Amino acid sequence: MIEKHIVLEDIDPVALYGAGNANLHIIRSMYPKLRIVARDNVIKVLGDEEQLAAFEESIEKMQQHVVKHNCMKEEVVLEIINGKGMKDEEPDGVVVYSLSGRPIKARGEHQQQLIDDFHNNDMIFAVGPAGTGKTYLSIALAVKALKEKQVKRIILSRPAVEAGEKLGFLPGDMKDKIDPYLQPLYDALEDMLPPVKLQDMMEKHVIQIAPLAFMRGRTLNDAVVILDEAQNTTTAQLRMFLTRMGWNSKMIITGDMTQIDLPRTQQSGLKEALHILKGVKGIATVELDQHDIVRHKLVTRIVNAYERHDANMKQQNEEAENE
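Residues numbered from 1 in each chain as written. Predicted model: local features only at pLDDT ≥ 70, side-chain atom pairs only at ≥ 80, totals over all residues. Heavy atoms only, no water.

**Student:** Break down the overall build of the protein chain for me, citing the residues and quoting the values.
**Tutor:** Along the protein chain, the regular secondary structure elements total 11 helices and 11 strands. Within the protein chain, contacts between residues at least 6 apart in sequence are counted, and of these 70% link residues at least 24 apart. (Helix = DSSP H or I, 4+ residues; strand = E, 2+ residues; numbered from the N terminus. Contact = heavy atoms within 4.5 Å.)

Structure (structure tokens):
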């Protein structure tokens, strides 16, 4: 009789055990010569040496499946244990899978361009209106790189710029005041990583979410670094951020030039950077538009209406200046 302890390190054990431990019941029935006790992320196994070796191999394959798909169906458990191999039914172009097992992939030509540019460049500017998936897809690319151990950490940042409200009037300490600005980043991560795993990664600083001001003085190595809402950075802020880039790192800078919340006396750092860095080797720019909007169809109509309004106002101002 041999006893072993197997630690599930890279996954949420609930995803492997299944709802109501359904997968675990199947595993126990398929290995009758083993006594299997699972507590949290540790599986204690006692029994026949030959069957235990087969069990270890199966559990390793199951972990790999859960890391990739965030879930484990009962039929997959049976396929792995029976040694039939998992059927490759993965759709083309999948970046990662959501917690529900939904494949996250490009929706449209420009989103695919963002994915391709991420693989071929070290710095990408993704510019477009609200709802085009800039932030969500960028975080998906970062999560994929982390899961595949291409990088050691993900760093997400946003400028804390008020859009009508005053930061000082929000309740709580500094973290409480800043968290609302970073919530869209949390939302995307929570859709792709199990809560327990996400919390653990944040506690160990594998995933870091911080305001732009906290980036000063740092060198960001072995990371995918994402700056969201970059249209609200000043020239000095964005220049500081871009020069934080370290070895084996990639940067994605997203922004919407129609939603600048800076004072009118300040120029957007993103607008200036797009002009200055145009044509620099290793830097790519992706321009998304209304056709890439993946939110409610009404969002597309709202964006179009505001663009028509802006165009009319610009024309009226030009006509007034010429009179």
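**Student:** Outline the environment of Gly 108, supporting the account with residue identities and numerical values.
**Tutor:** Relative to the helices and strands, Gly 108 is located in the loop between β5 (103-105) and α5 (109-120). The class for Gly 108 is partly exposed, based on a relative accessible area of 42%. Measuring from C-alpha to C-alpha, the distance between Gly 108 and Ile 293 comes to 9.4 Å, with 185 residues separating the pair along the chain. (Buried < 20%, exposed > 50% of the residue type's maximum accessible area, 1.4 Å probe, protein only.)

**Student:** Explain the packing of aromatic side chains residue by residue, including any values.
**Tutor:** Summed over all chains, the structure comprises one aromatic pair. With a centroid separation of 5.5 Å and 90° between ring planes, the pair formed by Tyr 31 and Phe 55 is classed as edge-to-face. Here Tyr 31 is found in the loop between α2 (22-30) and β2 (34-39), whereas its partner Phe 55 is found in helix α3 (residues 49-69), with 24 residues between them in sequence. The burial state of Tyr 31 is the same as that of Phe 55; both residues are buried. The residue whose ring lies beneath Lys 250 is Phe 118, and the NZ or CZ to ring-centre distance is 5.3 Å. (Phe/Tyr/Trp six-rings, centres within 6.5 Å; stacked < 30°, edge-to-face > 60°. Lys NZ or Arg CZ within 6 Å of the ring centre and 35° of its normal.)

**Student:** Describe the pairing of β2, naming the residues involved and giving the relevant values.
**Tutor:** For β2 and strand β3 (residues 42-47), the ladder comprises six bridges, and the chain directions are antiparallel. Of the residues in β3, the one forming a bridge with Leu 34 is Gly 47. Hairpin remark: β2 followed by β3, antiparallel, with two residues in the connecting loop; positive phi at Asp 40, about 55°. (Pairing = 2+ DSSP bridges.)

**Student:** Give me the lowdown on the sheet that holds strand β11 (residues 283-287), citing residues and values where you can.
**Tutor:** A sheet is described by the order of its strands in space; here six strands give the open sequence β8-β7-β9-β10-β6-β11, paired in parallel fashion. Each end of this open sheet is capped by a strand with a single partner; those strands are β8 (207-211) and β11. Pairwise comparison of adjacent strand axes, ignoring direction, gives a mean angle of 15° for this sheet. Across five bridges, the pairing between strand β6 (residues 123-127) and β11 is parallel. Within the sheet, the bridge partner assigned to Phe 125 lies in β11 and is Thr 285. (Axes fitted to C-alpha atoms, helices over the stretch in contact; angles between N-to-C directions.)

**Student:** An account of the sheet that holds β3 is needed here, citing residue identities and associated values.
**Tutor:** The strand order across the open sheet formed by three strands is β1-β3-β2, and the pairing between neighbours is antiparallel. Whereas interior strands pair on both sides, the edge strands pair on one side only; in this sheet they are β1 (2-7) and β2. Strand-to-strand, the axes of this sheet are offset by a mean angle of 15°, without reference to chain direction. Contacting β1, β2 and β3, α3 runs over the sheet at an angle of about 5° to β1.

**Student:** Before we move on, can you summarise the pairing of β8 with the specific residues and values?
**Tutor:** Among the five residues of β8, five are classified as buried, and the element is accordingly described as predominantly covered. Two strands pair when backbone bridges link them, and strand β7 (residues 153-158) and β8 are joined in this way by five bridges, in the parallel orientation. Its bridge partner lying in β8, Ile 154 is registered against Ile 207.

**Student:** Could you give an account of helix α10 (residues 269-276), naming the residues involved and the relevant values?
**Tutor:** Side chains that are three or four residues apart share a direction in an α-helix, a result of its 3.6 residues per turn. What α10 keeps buried is the set Gly 269, Leu 270 and Ala 273. Relative to the axis of α10, the buried residues are bounded by an arc of 95° and lie together on one face. Every exposed residue of α10 that faces more than 90 degrees away from the buried side is listed here: Lys 271 and His 275. Along its buried surface, α10 packs onto β6, α9 (235-242) and β10 (250-255). Residue Ser 268 occupies the N-cap position of α10, its side-chain oxygen lying 3.3 Å from the main-chain nitrogen of Leu 270. (Arc of directions from axis to C-beta. Polar contact = N/O pair within 3.5 Å; in protein donor to acceptor, adjacent residues only side chain to side chain.)

**Student:** Quick one: what's the story with the side chain of Asp 228, residue by residue and with numbers?
**Tutor:** Locating Asp 228 in the fold gives a position in the loop between β9 (223-227) and α9. Looking at Asp 228, its side chain comes within polar contact range of the side chain of Arg 158, at 2.8 Å. Residue contacts for Asp 228: discarding those within four places in its chain leaves Thr 135, Ser 157, Arg 158, Pro 159, Leu 185 and Thr 254.

**Student:** So, the packing of α2 against helix α4 (residues 74-81): which residues are in play, and what are the values?
**Tutor:** With their axes 9 Å apart at the nearest point, α2 and α4 run at an angle of 25° to one another. On the basis of their axis angle, the class for α2 and α4 is roughly parallel. The chirality of how α2 crosses α4 is right-handed. The segment α2 lies against α4, with Ala 22, Asn 23, Ile 26, Ile 27 and Met 30 engaging Glu 74, Val 77, Leu 78 and Ile 81. Its residues assigned to classes, the contact of α2 with α4 comprises seven nonpolar, one polar and one charged. (Parallel < 35°, antiparallel > 145°, perpendicular 65-115°, else oblique. Left-handed = near helix turned anticlockwise from the far one by under 90°. Nonpolar A, V, L, I, M, F, W, Y, C, P; charged D, E, K, R; others polar.)

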